[in-house]
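# Chains, contacts and geometry: an overview
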Amino acid sequence: MKGVDTIARIRREFSIRGKTIKEIARELHVSRNTVRKVLRSGATSFEYERKVQPQPKIGPWRPELDRLLMANNGKPARERLTLIRLFEELRDLGYEGGYDAVRRYARGWRREQSAVTADAYVPLSFAPGEAYQFDWSHEQVVIAGVSSRVKVAHMRLCHSRMFFIRAYPRESQEMVFDAHIRGFAFLGGVCTRGIYDNMKTAVETVFVGKDRQFNRRFLQMCSHYLIEPTACTPAAGWEKGQVENQVGNVRERFFTPTLRFKSYDELNAWLADRCMMHARAMMHPEFKDRTVWDVYQDEKPSLMQLPATAFDGFHALPAAVSKTLLVRFDYNKYSVEARAAGRPVEVYAYADRIVIRQDGVVVGDHARRFGRDGIAYDPWHYVPVLAKKPGALRNGAPFRDWALPPALEQLRAKLKGKPDGDRQMVAILSAVLVDGMDAVETAVTEALELDLPGSEVVLNLLARSRSAPMVPAIDTPD
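Residues numbered from 1 in each chain as written. Predicted model: local features only at pLDDT ≥ 70, side-chain atom pairs only at ≥ 80, totals over all residues. Heavy atoms only, no water.

### Quick notes on helix H10 (residues 264-281)
Helix length check: H10 (18 residues) gives 26 Å between terminal C-alpha atoms against 26 Å at 1.5 Å per residue, within 8%. Among all positions in H10, only Leu 267, Asn 268, Leu 271, Ala 272, Cys 275, His 278 and Ala 279 are buried. The arc that holds every buried residue of H10, seen down its axis, measures 140°, which confines them to one face. Every exposed residue of H10 that faces more than 90 degrees away from the buried side is listed here: Asp 265, Met 277 and Ala 281. Where the residues of H10 are buried, they touch strand S1 (131-143), strand S3 (163-168), helix H7 (173-187), helix H9 (241-253), strand S8 (259-261) and helix H11 (292-299). (Helix = DSSP H or I, 4+ residues; strand = E, 2+ residues; numbered from the N terminus. Expected span 1.5 Å × (residues − 1). Buried < 20%, exposed > 50% of the residue type's maximum accessible area, 1.4 Å probe, protein only. Arc of directions from axis to C-beta. Contact = heavy atoms within 4.5 Å.)

What follows is the structure in structure tokens.
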């Protein structure tokens, strides 16, 4: 069929100049049927599309080539064969056609596959207080002069888009609990439903469809706050697209360029302030004339009230106590009381501290350490052991740089020169476990004022303070 310029000339020659079909055909060197078709249809262009493409060579090999293309498409990108390799495999099977036919067919096959698997999404809408979304991201931050890859917890209210973020050294379950406790407190309430991906700290088993087996402790947290947890379909990030989008925006707006802070507490205080500032400045994507903060104020009354007590967000693990009264957890060691030696304990790991219990009684409480091979000593845990080994007071690792009250430090300095000075100091320290630091410090101060530094005097003064006061004498008449 002729081009659009020839079709336009045919129409002009006939309609404007009044020439006959025979004259137009002779001048433009086209057939009379072509001229008649143009004039009768009134079309300005004609396209020819072959309905059935003959494939004399590759036709019988289409099923085999489809199989090769499908198998190749399912392989990882690094292991996929080129079209030349697929052509060679097909030729080894008996194909006698050329490479161009295979290339054209493969191009059409890929076009059809991409049309079948093209992504399409349904826009989601949430009522006030209905749901929030939770996710993690990894960001690069300089903490105390050291470049660290921190784990950032993201929580976002689906209706108002108000969000909360907090950085942690780990992505473990106790960090998940802490992020929820602090996030709900920051937002001033709780939604009825939480939307998560299939993170291992929450989901233990993924079944067919939406059925999930959630972690027992995670379900306890949801029950405490009356939340119904919902897990997304694997590889379906659009089901929690708000928080997925938030991860990219926060990385661009908050963590670029690289942040520098002295500690995690300082970083998280800054992030909380930035969340408030961002909400007040950003316009809501649906309510164009209102900020996120304004919509959040309207949503806040729809949130469920927080329980009277926060969830006890620990992750418990059994552990053994070494002969040096140390318990190992997360590549670090923590001391326990001497009475816990030789029996198993349970480590309650929180986001910022480690609590060690034995038969329900706390035998150790330390600030949590991160990194590796750190040791957290509490010198008072080892004082009962000093009764049998008083010499360890001088060189024992738990007592290195032990800061005692000024009165006890002064007494310790005076006792260092005596042959049994360590034994006397151990006796005084042991009294702290019975009478308390205030009473012992008072007794030591009195002994120093009397210039009688020694355990016997201090213990005697403590015994006097413990004895019952004397009943005053009865006044008899004359």
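### Concerning helix H17 (residues 455-466)
The end-to-end C-alpha distance of H17, which contains 12 residues, comes to 16 Å, matching closely the 16 Å that a straight helix rising 1.5 Å per residue would cover. Packing partners of the buried residues in H17 comprise helix H14 (406-415), helix H15 (421-435) and helix H16 (437-449).

### Comments concerning the pairing of strand S13 (residues 353-358)
Note: strand S12 (residues 345-349) against S13, four bridges, orientation antiparallel. Counterpart to Ala 349 in the pairing with S13 is Ile 354. Linking S12 to S13, which pair antiparallel, is a turn of three residues. Note: S13 against strand S14 (residues 361-367), six bridges, orientation antiparallel. Across the sheet, the residue bridging to Ile 354 is His 366, located in S14. Here S13 hands over to S14 after two residues, with Asp 359 in that stretch at a positive phi of 55°. (Pairing = 2+ DSSP bridges.)

### A closer look at the confidence of the model for the chain
In the predicted model, the chain carries a mean pLDDT of 87, and 93% of its residues have values of at least 70. By mean pLDDT, helix H13 (residues 392-395) is the weakest element of the chain at 80, and S3 is the strongest at 96. (pLDDT = per-residue confidence, 0-100.)

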